Amino acid sequence: MSTTEEARLVITARLATQEEFEPFGTVLEPRGEPLAHVYGDSMDVYDLGLHECDADTELIVSRYRYRGTRVQYLERHRQITQCFIPLGGKPLLAVVARPDAPLENGVPTLDEIHAFVIPGDKAVRLNRGTWHEVPIPLEDDTCSIVTSHHGVTTGWGHLDETGEIDKGQTDEEKRDVTERTGVVVEVDVPASLLEGGTR
């Protein structure tokens, strides 16, 4: 289908709370009050819980530019419980579908795709195999830490000849949502979710 023929689906983002996010992973938030530091600074402590990875874990600092809220790809990794940790108090948008979501043409059915605002003072850990878009920044100059492993990290920069990535042996599986469904999926982010969500 050409762009002029494509249908559109708008998903309204919700706040990432533990109850709402539970089918996809865990919401991580500071444990108790900030701890004092010997230099007079303070530290927030996050419990990552059981982080799982079948290879050595890498930490990636991603620097994002605002790219709109269109869902271009959905990907999944079966060998890691990936974490998205916003930095600098700026929120991120997480677009996800359950690991066992029914598939149509190789991607989760559209009614299985959900969007969540991750406040800048929280983070999320995805269950193994959770379908997701790369975290979507809601403004320019947003940074985050992403847990990964070498097989995933080395696959992010280059699409294959199909315009996707399918490196099952290295745990990288990325699908073009619009190409496979003929539908442009966008996320509406209510302004109320962006007010006062950071500290």
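Treat the numbers as computed from the prediction; the structure is a model and nothing was measured.

Student: So what exactly am I meant to see when it comes to the overall build of the chain here?
Tutor: Looking only at helices and strands, one finds 3 helices and 20 strands in the chain. Across the 199 residues that make up the chain, the buried fraction comes to 44%. Here the contacts in the chain between residues at least 6 apart in sequence split such that 80% fall between residues at least 24 apart. Approximately 10300 Å² of the chain is accessible, and the part contributed by carbon and sulfur atoms is 49%.

Student: Looking at this structure, how should I read the sheet that holds strand E7 (residues 70–71)?
Tutor: In a beta sheet, neighbouring strands are held together by backbone hydrogen bonds and run either parallel or antiparallel to one another. Read across the open sheet, the 3 strands follow the order E1-E20-E7; overall the sheet is mixed. Each end of this open sheet is capped by a strand with a single partner; those strands are strand E1 (7–12) and E7. Across 6 bridges, the pairing between E1 and strand E20 (residues 183–188) is parallel. Bridge assignment links Val-10 to a residue of E20, and that residue is Glu-186.

Student: How should I be thinking about the side chain of Glu-112 in this particular structure?
Tutor: The topology assignment puts Glu-112 in the loop between strand E12 (107–108) and strand E13 (114–120). Residue classification places Glu-112 among the buried residues on the basis of a relative accessible area of 12%. Engagement of the side chain of Glu-112 in a polar contact is seen with the side chain of Arg-98, the distance being 2.8 Å. Leave out the neighbours within four places in its chain, and Glu-112 touches Val-96, Ala-97, Arg-98, Ala-101 and Pro-102.

Student: Even after reading the chapter, I still don't get the environment of Leu-103, so can you show me in this structure?
Tutor: Topologically, Leu-103 is positioned in strand E11 (residues 103–104). Leu-103 sits in the partly exposed class, given a relative accessible area of 43%. Non-local contacts of Leu-103, meaning those with residues more than four positions away in its chain, are made with Arg-76, Pro-108, Thr-109 and Trp-131.

Student: How do you make sense of the packing of aromatic side chains when you look at a structure like this?
Tutor: Inspection of every chain in the model, using the stated rule, returns 3 aromatic pairs. Taking 5.2 Å as the distance between ring centres and 80° as the angle between the ring planes, the aromatic pair formed by Phe-21 and Phe-116 counts as edge-to-face. In this pair, Phe-21 is assigned in helix H1 (residues 18–21) and Phe-116 in strand E13, connecting sequence segments 95 residues apart. In this pair, the class of Phe-21 matches that of Phe-116, namely buried. Here the aromatic cluster, defined as three or more aromatic residues joined through ring pairs, consists of Phe-21, Phe-24 and Phe-116.

Student: Just checking my understanding: could you explain the nonpolar core for this structure?
Tutor: Within soluble globular proteins, side chains that are nonpolar generally end up buried alongside one another. Counting residues in each nonpolar core, the largest one holds 20 residues, and the members touching the most others are Ala-13, Leu-93, Val-95 and Val-187. Those elements that place two or more of their residues in this core are strand E10 (89–97), E13 and E20. Leave out the neighbours within four places in its chain, and Val-187 touches Ile-11, Ala-13, Thr-69, Val-71, Leu-93, Val-95 and Ala-115. Ranked by size, the runner-up nonpolar core spans 15 residues in total, among them Ile-60, Phe-84, Leu-92 and Phe-116.

Student: I would appreciate a short explanation of the pattern of salt bridges in the present structure.
Tutor: Pairing between side chains becomes possible if they bear opposite charge and their charged atoms approach one another. If you walk through the whole model with that rule in mind, you get 11 salt bridges. When the shortest N-O distance is used, the salt bridge between Arg-8 and Glu-186 registers 2.2 Å. Separated by 178 residues along the polypeptide, Arg-8 in strand E1 and Glu-186 in strand E20 bring together distant segments of the chain. Overall, the relative accessible area of 24% leaves Glu-186 in the partly exposed class. The closest approach of N and O atoms between Glu-139 and Lys-90, which form a salt bridge, is 3.7 Å. Of the two residues, Glu-139 is situated in the loop between strand E16 (136–137) and strand E17 (142–149) and Lys-90 in strand E10; the sequence distance between them amounts to 49 residues. Residue classification places Lys-90 among the partly exposed positions, given a relative accessible area of 21%.

Student: Would you explain unusual backbone geometry in this entry?
Tutor: Generally, phi is negative for residues other than glycine and the peptide bonds are trans, each holding for most cases. Of note in this structure, Asn-105 is not a glycine but carries a positive phi near 60°. With respect to the helices and strands, Asn-105 occurs in the loop between E11 and E12. Asn-105 gets classed as exposed once you look at its relative accessible area, which sits at 51%. Within the chain, Asp-141 stands out as a residue other than glycine whose phi angle is a positive 55°. Mapped onto the elements of the fold, Asp-141 is located in the loop between E16 and E17. For Asp-141, a relative accessible area of 63% gives the class exposed.

Quick notes on the rules
In every chain, residue numbers begin from 1 and rise along the written sequence. Local features are withheld for residues below a pLDDT of 70 in this predicted model, meaning they are given only at 70 or higher, and side-chain atom pairs are given and counted only at 80 or more; totals for whole chains, interfaces and linings count all residues. Think of the side-chain values as coming from all heavy atoms in the structure, minus any hydrogens and water. Going along the chain from the N terminus, every DSSP run of H or I of four or more residues is numbered as a helix, and every run of E of two or more is numbered as a strand. Summary of the burial criterion: residues with accessible area below 20% of their type's maximum are buried, those above 50% are exposed, and those between are partly exposed, where the area comes from a 1.4 Å probe applied to protein chains only. Only heavy atoms enter the contact rule, under which two residues are in contact if any of them lie within 4.5 Å. Using the Shrake-Rupley algorithm and a 1.4 Å probe, accessible areas are obtained, with residue cover drawn only from the displayed protein chains. By definition, two strands form a pair when at least two bridges between them are found by DSSP. What qualifies as a polar contact is a pair of N or O atoms within 3.5 Å, subject to a donor-acceptor requirement within protein and to the restriction that residues adjacent in sequence count only when both atoms come from side chains. Only Phe, Tyr and Trp rings take part, Trp by its six-membered ring, and two of them pair if their centres are within 6.5 Å. Stacked means planes under 30 degrees apart, edge-to-face means over 60, and tilted covers everything else. What is meant by a nonpolar core is a set of buried Ala, Val, Leu, Ile, Met, Phe, Trp, Tyr and Cys residues, joined one to another through side-chain atoms within 4.5 Å. Put simply, a salt bridge is a Lys or Arg side-chain nitrogen that is within 4 Å of an Asp or Glu carboxyl oxygen.

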